[in-house]
Amino acid sequence: MTLTNHNTEQLVMLCVSGNQKAQMELYNRYYKGLYNTSYRIVNDSFEAEDIMQESFITAFSKLDSLKDKKTFGGWLKRIVINNSIQAYNKNNKQHDVALDDVLYKVEDHQGIDTTVEITNIKVQQVLEALNLLKSNYKVVLTLNLIEGYDYEEIGDVMNISYANCRTMISRAKDSLRKKLEQLN
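Residues numbered from 1 in each chain as written. Predicted model: local features only at pLDDT ≥ 70, side-chain atom pairs only at ≥ 80, totals over all residues. Heavy atoms only, no water.

Visitor: How do you make sense of the overall build of the protein when you look at a structure like this?
Guide: A tally of helices and strands in the protein yields eight helices and zero strands. Moving toward the C terminus, one meets the helices and strands of the protein in the order α-α-α-α-α-α-α-α. Total accessible area on the protein is roughly 11,300 Å²; 48% of this is exposed by carbon and sulfur atoms. (Helix = DSSP H or I, 4+ residues; strand = E, 2+ residues; numbered from the N terminus. Areas by Shrake-Rupley, 256 points an atom, 1.4 Å probe, with all protein chains shown as cover.)

If you want it as structure tokens, here you go:
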């Protein structure tokens, strides 16, 4: 029986016992979606690749601390998002540029599954408008609207208060609406 027939919980148990094929199977199952999550936050393909490698290494080395093996996917996603935000914050401090003054042009759709053709023009417009936002607005909207994080979780991850998070998301949505109006 191949490992592709195992559920995630079974694979995690095999990984705890040191089975490298089980690790590879989990990696293959989760890599693509979590890479896209990381890319949407850091907006750099190479950085997202590094974050993925570090996140899987961290996850596999700390599997024994995971109490409920059924929650592996959510736990791994949290590791990826935390590592992505750390990288984002690190890069933001190194490149302290007023992002309002920078105009982004979407030339490709890295980080988006290119095997699935995006036929809906509205989706393309939203993604383009999202990339035109200030970077902190882009991150909070990605976490809230795409990843499904609530205000409290975003506040914890970004180290901001609940009220500040609500305000930032509200302003980010308003800014996104304005960008969408400009594109139409």
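Visitor: What exactly am I supposed to notice about the environment of asparagine 82 here?
Guide: Residue placement: asparagine 82 occurs in helix H4 (residues 72-94). By relative accessible area, which is 29% here, asparagine 82 ends up partly exposed. Between the C-alpha atom of asparagine 82 and that of aspartate 156, which follows or precedes it by 74 residues, the distance is 10.0 Å. (Buried < 20%, exposed > 50% of the residue type's maximum accessible area, 1.4 Å probe, protein only.)

Visitor: Even after reading the chapter, I still don't get helix H3 (residues 45-61), so can you show me in this structure?
Guide: One turn of an α-helix holds 3.6 residues; hence residues three or four places apart share an orientation. If you check H3, its first and last C-alpha atoms are 24 Å apart, about what 17 residues at 1.5 Å a residue would give, namely 24 Å. Every buried residue belonging to H3 is among Ala48, Ile51, Met52, Ser55, Phe56, Ala59 and Phe60, and all of these are buried. Down the axis of H3, the buried set is contained in an arc of 155°. They therefore lie on one face. Structural note: H3 exposes Phe46, Ile57 and Ser61 on the side pointing more than 90 degrees away from its buried face. The N-capping residue of H3, defined by a side-chain oxygen 2.9 Å from the backbone nitrogen of phenylalanine 46, is aspartate 44. (Expected span 1.5 Å × (residues − 1). Arc of directions from axis to C-beta. Polar contact = N/O pair within 3.5 Å; in protein donor to acceptor, adjacent residues only side chain to side chain.)

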